[in-house]
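Coordinate analysis (summary)
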Amino acid sequence: MSLALDPAAQDLLFREARTANTFTDEPVTNEQVQAIYDLVKYGPTAFNQTPLRITLVRSPEARERLVQHMAEGNRPKTAAAPLVAILSADNEFHEDLPALLPHFPQAKDMFFGERPVREQSALLNAALQAAYFIVGVRAAGLAAGPMTGLDFAGVQKEFLDADHTPLMVVNIGRPGEDAWFPRSPRLSFDEVVTTV
């Protein structure tokens with residue numbers, strides 16, 4: 001194997017990791033979430049933009065409001081997870097670019113002055129960051145249950161604003177009993193990779 005990452009870490013992050021469908025009731029602390037973010041914030045994005053926003057749904061009242069916007073099959077999982085995060089894209093991410101890209105502060109206006117361009121870039125780069133976040137949850141020894149079966153407009157209206165586009169909801173915690181569905185197949189290297 002030509003990977004630098006220890007095989008146990010490879011298993012933790014990828015081979016043995018799955019989307020969790022049940023969780024124990026062990027809480028997920030703010031310190032754990034901060035450690036996850038402090039790791040994954042280093043994942044690469046275009047222009048070092050950081051459009052991902054994370055809304056932690058902790059209160060029972062907020063959880064109940066969120067569950068109402070989940071697809072019916074996802075409601076029990078979201079209701080029972082120790083922590084739920086709404087991941088969204090900040091379409092006004094460009095306001096931070098002068099600080100995040102100090103060697104090229106004019107990128108803010110040069111490339112991202114128009115809202116449609118920002119929305120497209122925010123969506124792509126926040127999705128990259130969301131993937132890093134899921135891997136970071138796994139690196140913390142926790143399980144993630146990312147879901148896109150939800151009423152996006154309802155979640156935006158209930159928890160966000162017009163400048164934030166919801167991407168997904170992620171249930172987070174220690175896996176519970178019967179947490180995993182059987183591993184689904186993956187495409188092989190030869191089915192995916194083309195050399196030109």
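Here is a short report on the structure shown in this document. In this convention, every chain numbers its residues from 1, walking through the sequence in written order. Since the coordinates come from a predicted model, pLDDT governs what is reported: local features require at least 70, and pairs of side-chain atoms require 80 or more to be given and counted, while whole-chain, interface and lining totals use all residues. Computation of side-chain values: all heavy atoms of the structure, hydrogens and water removed.

Thoughts on the packing of helix H2 (residues 30-40) against helix H7 (residues 115-139)
- Between N-to-C directions, angles cover 0 to 180 degrees, with each direction set by a line fitted to C-alpha atoms, over the stretch in contact for helices. Put simply, DSSP H or I for four residues or longer makes a helix, DSSP E for two residues or longer makes a strand, and each gets a number counted from the N terminus. Taken N-terminus to C-terminus, the directions of H2 and H7 make an angle of 125°; their axes are 9 Å apart at the nearest point. Taken together, the axis directions place H2 and H7 in an arrangement best described as oblique. Crossing of H2 against H7: the hand is right-handed. Seen from H2, the contacting residues are Ile-36, Leu-39 and Val-40; seen from H7, they are Tyr-132, Phe-133, Gly-136, Val-137 and Ala-139.
- Looking at side-chain class alone, the contact of H2 with H7 contains seven nonpolar, one polar and no charged residues. We call two directions roughly parallel when the angle between them is under 35 degrees, roughly antiparallel when it is over 145, roughly perpendicular when it lies between 65 and 115, and oblique otherwise. Take the far helix as your reference; a near helix turned counterclockwise from it by less than a right angle gives a left-handed crossing, and one turned clockwise gives a right-handed crossing. Contact definition: two residues touch when any of their heavy atoms are within 4.5 Å. Amino acid classes used here: Ala, Val, Leu, Ile, Met, Phe, Trp, Tyr, Cys and Pro are nonpolar; Asp, Glu, Lys and Arg are charged; the rest, including Gly, are polar.

Some thoughts on H7
- Every helix has an expected span of 1.5 Å times one less than the residues it contains. Between its terminal C-alpha atoms H7 stretches 35 Å, which fits the 36 Å expected from 25 residues at 1.5 Å a residue.
- Only protein chains enter the accessibility calculation, which uses a 1.4 Å probe; a residue is then buried when its area is under 20% of its type maximum, exposed when over 50%, and partly exposed in between. Within the sequence span of H7, burial applies to Arg-118, Ser-121, Ala-122, Asn-125, Ala-126, Gln-129, Ala-130, Phe-133, Ile-134, Gly-136, Val-137 and Arg-138.
- A positive backbone phi angle near 80° is found at Gly-141, which sits one or two residues after H7.

Considerations on the packing of aromatic side chains
- Centre distance within 6.5 Å is the pairing criterion for rings of Phe, Tyr and Trp, where only the six-membered ring of Trp is used; planes under 30 degrees apart are then read as stacked, over 60 as edge-to-face, and the remainder as tilted. On inspection of all chains with the given rule, the structure shows five aromatic pairs.
- On the numbers, 5.2 Å between centres and 75° between planes, the contact of Phe-93 with Phe-112 is edge-to-face. With a gap of 19 residues between them, Phe-93 in the loop between strand S2 (83-90) and helix H5 (97-100) and Phe-112 in helix H6 (residues 107-112) connect regions that are remote in the sequence. Here Phe-93 and Phe-112 have matching classes, each one buried.
- Measuring from centroid to centroid gives 6.0 Å for Phe-104 and Phe-111, while their planes differ by 75°, and the two rings are edge-to-face.

Observations concerning the pairing of S2
- The buried fraction of S2 amounts to eight of the eight residues, a majority that puts the element mostly inside the structure.
- Burial along S2 is two-sided: the residues Leu-83, Ala-85, Leu-87 and Ala-89 and Val-84, Ile-86, Ser-88 and Asp-90 are all buried.
- When S2 meets strand S4 (residues 164-173), the two strands line up antiparallel, connected through eight bridges. Note on S4: the bridge partner recorded for Ala-89 is Thr-165. Pairing between two strands is assigned when DSSP locates at least 2 bridges connecting them.

Quick look at the side chain of Asn-171
- As for its position among the elements, Asn-171 is in strand S4.
- In this structure Asn-171 comes out as buried when scored by relative accessible area, which is 0%.
- Here the side chain of Asn-171 touches Thr-78 through a polar contact of 3.5 Å, side chain to side chain.
- With residues up to four places along the chain from it excluded, the contact list for Asn-171 reads Phe-23, Lys-77, Thr-78, Ala-81, Leu-83, Val-84, Ala-143, Ala-144, Gly-145 and Met-147. Throughout this description, a polar contact denotes any pair of N or O atoms lying within 3.5 Å of each other; where both atoms belong to protein, one of them has to be capable of donating a hydrogen while the other can accept it, and for residues adjacent in sequence the pair is counted only when both atoms sit in side chains.

A closer look at the sheet that holds S4
- Strand order across the open sheet formed by four strands is S1-S2-S4-S3, with antiparallel pairing between neighbours. Each end of this open sheet is capped by a strand with a single partner; those strands are strand S1 (52-57) and strand S3 (143-147). Along the sheet, successive strands turn relative to each other by an average axial angle of 30°, direction set aside.
- Where helix H3 (residues 60-67) meets the sheet, it contacts S1, S2 and S4, and its direction lies at approximately 65° from that of S2.

Considering the pattern of salt bridges
- In what follows, salt bridge is the name for a side-chain nitrogen of Lys or Arg lying within 4 Å of a carboxyl oxygen of Asp or Glu. Tallying each qualifying case throughout the model produces twelve salt bridges.
- In this structure, the salt-bridge partner of Arg-115 is Asp-163, at a minimum N-O distance of 2.8 Å. One end of the pair, Arg-115, is in helix H7; the other, Asp-163, is in the loop between helix H8 (152-159) and S4, and 48 residues separate them in sequence.
- Owing to a relative accessible area of 25%, Arg-115 belongs among the partly exposed residues under this scheme.
- Through salt bridges with shared partners, a single network forms among Glu-92, Arg-115, Arg-118, Glu-119 and Asp-163.

Section: H8
- All of the buried residues in H8 are Gly-154, Val-155 and Phe-159. For H8, the buried positions fall inside an angular range of 100° around the axis, keeping them on one side. Set apart from the buried face of H8 by more than 90 degrees, the exposed residues are Ala-153 and Lys-157.
- Check the buried side of H8 and you find it contacts H3, S2 and S4. This arc is built from the directions going out from the helix axis to the C-beta atoms.

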